[in-house]
Amino acid sequence: MSPGTLEKNGTRDKTATLDKTGMMDKLDLKTLISVTADTIAAHAEELTALDQAIGDGDHGLNMKRGFEAVRAEADTFAIKPLPDALKAIGTKLVMTVGGASGPLFGTLFMALGKEISAEPDRANLMAAFGKAIEAVAARGKSQVGQKTMLDVLQPVHDALLQGKTGSEIADVADSAADATVPMKALRGRASFLGDRSIGHMDAGARSTALLVRAVTATIEGQA
Amino acid sequence: MSNVGIVIVSHSPLVAEGTADMVRQMVGDEVPLAWCGGNGHGGLGTNVEAIMGAIDKAWSEAGVAILVDLGGAETNSEMAVEMIGEPRAHKIIVCNAPIVEGAVMAATEASGGASLREVVATAHELSPS
């Protein structure tokens, strides 16, 4: 077990970067912003295609617009304490993504910023992430099992709780996104299609899984 | 103005503006009215900043009723209300009603000096619960 992975090793149960410095240093947040924006940009067409199948087909472009807007102000966000940075990133997403994804992903980051401490340990991170998932569920008036991003967020939280490594958590996220394929959509545009939504992956679940892999890989890589 | 204000939020600026035209035909200038539509980048969608601007424009101390079309308009409107925050947020209600009929009915009710609760109830009567 390398020091600085997401693994829980009994003696230290802080996440990678957190182990090293006690808090995310400025470079880490900037790198995280850059890597997540790269990931979304690289998969924008795929996300749009998923959304075209059972939604309004704007998810890829909307997410790309939002994460590019965050990237454009990365320097401003990176000098803020972690809670403030996350809240500011969330607000930026709300204002720029457009579509329901803006408030949903924005709320995830805003709620995370509200609950996380400036120097989070793993317990605080898990608690904050749990609260953030609740906030997203409330914003979308949704719950797990309705073919949404919650169907990835909740398993990721569970994996974090179980002390899984970053790459294991990313695998959990991918499997969870795949698991939305046979689900029937009960929220959002896709729900208008009823049974015809079955057989397609939820675009928001996919983008969530992409973000989870980008974040966990970055944190482990930097450690 | 003391009448409840009406805000129309559609994914399409054409739908939003057309709905506003129909409201104006009914109530003239007796009701503060604003509309917004589109994602702010020339495409279909809704935009939190534009919704906040429309709420400001139609603001009334009696409150504001928002009429929306599809899910994203509702989610973005609720987000806008939260970002506006108190002391105004509790006087802004996102209605569960068809956008065109809801806007016209709500505005007509508002033009008679009805309270926010009455205006919203009138719009909600249009939706099967």
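So, here is what we can say about the structure in this document. Every value quoted in this text rests on a predicted model; they were computed, and no experiment measured them. (Residues numbered from 1 in each chain as written. Chains lettered and ligands numbered in written order. Predicted model: local features only at pLDDT ≥ 70, side-chain atom pairs only at ≥ 80, totals over all residues.)

Overview of the overall build of chain B
So, step 1. In terms of helices and strands, chain B carries five helices and four strands.
So, step 2. Rg of the C-alpha trace for chain B: 13 Å, near the compact-globule value of 14 Å for 129 residues, within the 12% margin.
So, step 3. Oriented by its inertia axes, the alpha-carbon framework of chain B measures out at about 35 × 30 × 30 Å.
So, step 4. Taking all contacts inside chain B whose residues are at least 6 apart in sequence as the whole, residues at least 24 apart take part in 72%. (Helix = DSSP H or I, 4+ residues; strand = E, 2+ residues; numbered from the N terminus. Rg over C-alpha atoms; globule rule 2.2 N^0.38 Å. Contact = placed C-beta atoms within 7 Å.)

With respect to the interface of chain A and chain B
So, step 1. Each partner contributes residues to the interface: chain A has 14 residues there, and chain B has 15 residues.
So, step 2. Those elements giving two or more residues to the side of chain A that touches chain B turn out to be α6 (82–96) and α7 (101–115) of chain A.
So, step 3. Residue contributions to the side of chain A that touches chain B peak at three residues, all from α7(A).
So, step 4. Grouping the constituent residues of the side of chain A that touches chain B by class yields five nonpolar, five polar and four charged. (Nonpolar A, V, L, I, M, F, W, Y, C, P; charged D, E, K, R; others polar.)

Some points on the sheet that holds strand β1 (residues 5–10) of chain B
Residues and elements named next belong to chain B.
So, step 1. On the basis of which strands lie adjacent, the open sheet formed by four strands has the order β2-β1-β3-β4 and parallel pairing. The strands lining the two open edges of the sheet, one partner per strand, are β2 (33–37) and β4 (92–94). Direction aside, the axes of adjacent strands within the sheet are offset by 20° on average.
So, step 2. One ladder, built from five bridges, connects β1 with β2; its direction is parallel. (Pairing = 2+ DSSP bridges. Axes fitted to C-alpha atoms, helices over the stretch in contact; angles between N-to-C directions.)

Some remarks on the pairing of β2(B)
So, step 1. β2(B) sits mainly inside the fold: five of its five residues count as buried.
So, step 2. Every second residue of β2(B) is oriented toward a common face, with B:L33, B:W35 and B:G37 on one face and B:A34 and B:C36 on the other, all of them buried. (Buried ≥ 20, exposed ≤ 12 C-beta atoms within 10 Å, placed from the backbone.)

A short note on unusual backbone geometry
So, step 1. With an omega of 10°, the peptide bond running from B:E86 to B:P87 counts as cis.
So, step 2. Mapped onto the elements, B:P87 comes out in the loop between α3 (71–84) and β4.
So, step 3. We note that A:K141 has phi near 45°; this positive angle belongs to a residue other than glycine.
So, step 4. Here A:K141 lies in the loop between α8 (122–139) and α9 (150–161).
So, step 5. Judged by local crowding, A:K141 falls into the exposed class, with 12 C-beta atoms found within 10 Å.

Regarding the packing of α7(A) against α3(B)
Two quantities define a packed helix pair, namely the angle between the helix axes and the distance between the axes.
So, step 1. Interhelical geometry of α7(A) versus α3(B) gives an angle of 45° and a closest axis separation of 8 Å. Between α7(A) and α3(B), the interaxial angle falls into the category oblique. The residues of α3(B) that touch α7(A), namely those facing A:G102, A:P103 and A:L104, are B:T75, B:N76 and B:M79.
So, step 2. By residue class, the composition of the contact of α7(A) with α3(B) is three nonpolar, three polar and no charged. (Parallel < 35°, antiparallel > 145°, perpendicular 65-115°, else oblique.)

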